[in-house]
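Now for the letters of each chain:
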Amino acid sequence: MLYAIISEDVEESLPARQQARPAHLARLESLRDEGRLVLAGPHPAIDSDDPGSAGFSGSLVVAEFESLDAARQWADEDPYVAAGVYADVQVKPFKRVLP
């Protein structure tokens, strides 16, 4: 089943994001390589593809996991969690309708 992992950043998260980004991306690339990743990306803090020093306000990952517990465990092990980037992480079942 698909799950949405919706994360909200702490204030001034950009330095921690930059430091943990390679490990964070490696985990997402593993999901992609396994054919389980639907989409992933950050929410720019301003209305721009490149928010610069404004940084990001959170992230969204939609991927396939065996269960809600497995999705939560994967989210809990995110390097951004360990680095203190996220203030809150929600994991919800997701039903893809389109496309």
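Structure's up top.
All values derive from a computational prediction rather than experimental measurement.

Structural notes on the pairing of strand 3 (residues 56–64)
Reasoning step 1: Both strand 1 (residues 2–9) and strand 3 contribute to a ladder of seven bridges, which runs antiparallel. Bridging from a neighbouring strand, Ser-7 pairs with Ser-59 of strand 3.
Reasoning step 2: Looking at chain direction, strand 2 (residues 37–44) and strand 3 are connected through seven bridges and run antiparallel. Residue pairing across strands places Pro-42 opposite Ser-59, the latter belonging to strand 3.

Details of the sheet that holds strand 3
Reasoning step 1: Pairing in this open sheet of four strands is antiparallel, and the strands run 2-3-1-4 from one edge to the other. The sheet terminates laterally at strand 2 and strand 4 (86–94), the two strands that pair on one side only. Here the strands of the sheet are splayed against their neighbours by 10° on average, with no regard to which way each runs.
Reasoning step 2: Note: strand 1 against strand 4, eight bridges, orientation antiparallel. Paired with Ile-6 across the strands is Gln-90, a residue of strand 4.
Reasoning step 3: Helix-sheet contacts for helix 1 (residues 14–33) involve strand 1, strand 2, strand 3 and strand 4, and the interaxial angle to strand 3 is about 10°.
Reasoning step 4: Across the sheet, helix 2 (residues 68–76) touches strand 1 and strand 4, and the angle it forms with strand 4 is around 155°.

Some points on the pattern of salt bridges
Reasoning step 1: Following the criterion strictly, the structure yields three salt bridges and no others.
Reasoning step 2: Here Asp-9 ties to Arg-17 by a salt bridge, and the two come within 2.7 Å at their closest N and O atoms.
Reasoning step 3: Using a relative accessible area of 6% as the deciding quantity, one classes Arg-17 as buried.
Reasoning step 4: Asp-33 serves as the salt-bridge partner of Arg-32, at 3.0 Å between the closest nitrogen and oxygen.

Side note on the packing of aromatic side chains
Ring pairs (aromatic) are described by centroid distance and by the angle formed between their planes.
Reasoning step 1: All chains considered together, the criterion is met by three aromatic pairs.
Reasoning step 2: With centroids separated by 5.7 Å and ring planes inclined at 80°, the aromatic side chains of Tyr-80 and Tyr-86 adopt a geometry described as edge-to-face.
Reasoning step 3: Looking at Tyr-80, the relative accessible area reads 3%, which means it is buried.
Reasoning step 4: Taking the ring centre of Trp-74 as reference, the NZ or CZ of Arg-27 above it sits at 4.1 Å.

About the criteria used
- Residues numbered from 1 in each chain as written.
- Predicted model: local features only at pLDDT ≥ 70, side-chain atom pairs only at ≥ 80, totals over all residues.
- Heavy atoms only, no water.
- Pairing = 2+ DSSP bridges.
- Helix = DSSP H or I, 4+ residues; strand = E, 2+ residues; numbered from the N terminus.
- Axes fitted to C-alpha atoms, helices over the stretch in contact; angles between N-to-C directions.
- Contact = heavy atoms within 4.5 Å.
- Salt bridge = Lys/Arg side-chain N within 4 Å of Asp/Glu carboxyl O.
- Buried < 20%, exposed > 50% of the residue type's maximum accessible area, 1.4 Å probe, protein only.
- Phe/Tyr/Trp six-rings, centres within 6.5 Å; stacked < 30°, edge-to-face > 60°.
- Lys NZ or Arg CZ within 6 Å of the ring centre and 35° of its normal.

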